[in-house]
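Notes for the structure review
For reference, the chains in residue letters:
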Amino acid sequence: MNRWEGQVVTTTERLTLRTFREDDLPQYAALNADPEVVEYLGGPLSREGSDEIAAYANDLWIRRGIGLLVVERTADGTFLGMCGVHVLHSYPDDLEAGWWLVREHGGQGYATEAASAWLRIAFEDQAAERVISATDPPNTRSIAVMERLGMTYDHEADLDEQGDRFHAVIHAITRERWIDHQAR
């Protein structure tokens, strides 16, 4: 049984990062159906596929304290998108930071702010030694977020994530580099 209570994971200056509630599902489905948002994420999803990802994310939070969860603007409760850390099948020994936001809310620093909070969770709560982030090489906006987080280019690889095959650029940050980046 999946819990949909919207448990707060952490907050930042402008954001609340939390698990999904059932009333998030239509907005999350709209996000996952937007071809521009999911251009580098395997393409649009059905409502059923989107709901399955949300259920998986909540279950992953309950089981492991990680997941790709809701990003909400604290001031007004606006659903902004999703961010978090999880494990890619291609990199079972690393946590991977990922994010996608509603198009209208892009370019305002929300992805960097949310992902930064998740890096803290990865390094402090999960004791990760390294966090990666993967995207298609032409996804310059996500690569820019990776760089703002202190991640650096690691390598390129052909990935197969549950049947979704793509060429990816991988950026990474170690715990030591993250600590140094936080001191700036």
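Shown above is the structure to which this text applies.
Residues numbered from 1 in each chain as written. Predicted model: local features only at pLDDT ≥ 70, side-chain atom pairs only at ≥ 80, totals over all residues. Heavy atoms only, no water.

Taken as a whole, this structure holds 3 aromatic pairs when the rule is applied. Their ring planes at 90° and their centres at 6.2 Å tell us that Trp61 and Trp118 sit as a pair that is edge-to-face. Of the two residues, Trp61 is situated in helix H2 (residues 47–64) and Trp118 in helix H3 (residues 110–125); the sequence distance between them amounts to 57 residues. Owing to a relative accessible area of 15%, Trp61 belongs among the buried residues under this scheme. (Phe/Tyr/Trp six-rings, centres within 6.5 Å; stacked < 30°, edge-to-face > 60°. Helix = DSSP H or I, 4+ residues; strand = E, 2+ residues; numbered from the N terminus. Buried < 20%, exposed > 50% of the residue type's maximum accessible area, 1.4 Å probe, protein only.)

Moving on to the packing of helix H1 (residues 25–33) against H2. Two numbers describe a pair of packed helices, the interaxial angle and the distance between the axes. Where H1 meets H2, the axes come as close as 9 Å, and the angle between the chain directions of the two elements is 115°. Our classification of the angle between H1 and H2 gives roughly perpendicular. Handedness of the crossing formed by H1 with H2: right-handed. Across the interface between the two elements, Leu25, Pro26, Tyr28, Ala29 and Asn32 from H1 touch Arg47, Ser50, Asp51, Ile53 and Ala54 from H2. Grouping the constituent residues of the contact of H1 with H2 by class yields 6 nonpolar, 2 polar and 2 charged. (Axes fitted to C-alpha atoms, helices over the stretch in contact; angles between N-to-C directions. Parallel < 35°, antiparallel > 145°, perpendicular 65-115°, else oblique. Left-handed = near helix turned anticlockwise from the far one by under 90°. Contact = heavy atoms within 4.5 Å. Nonpolar A, V, L, I, M, F, W, Y, C, P; charged D, E, K, R; others polar.)

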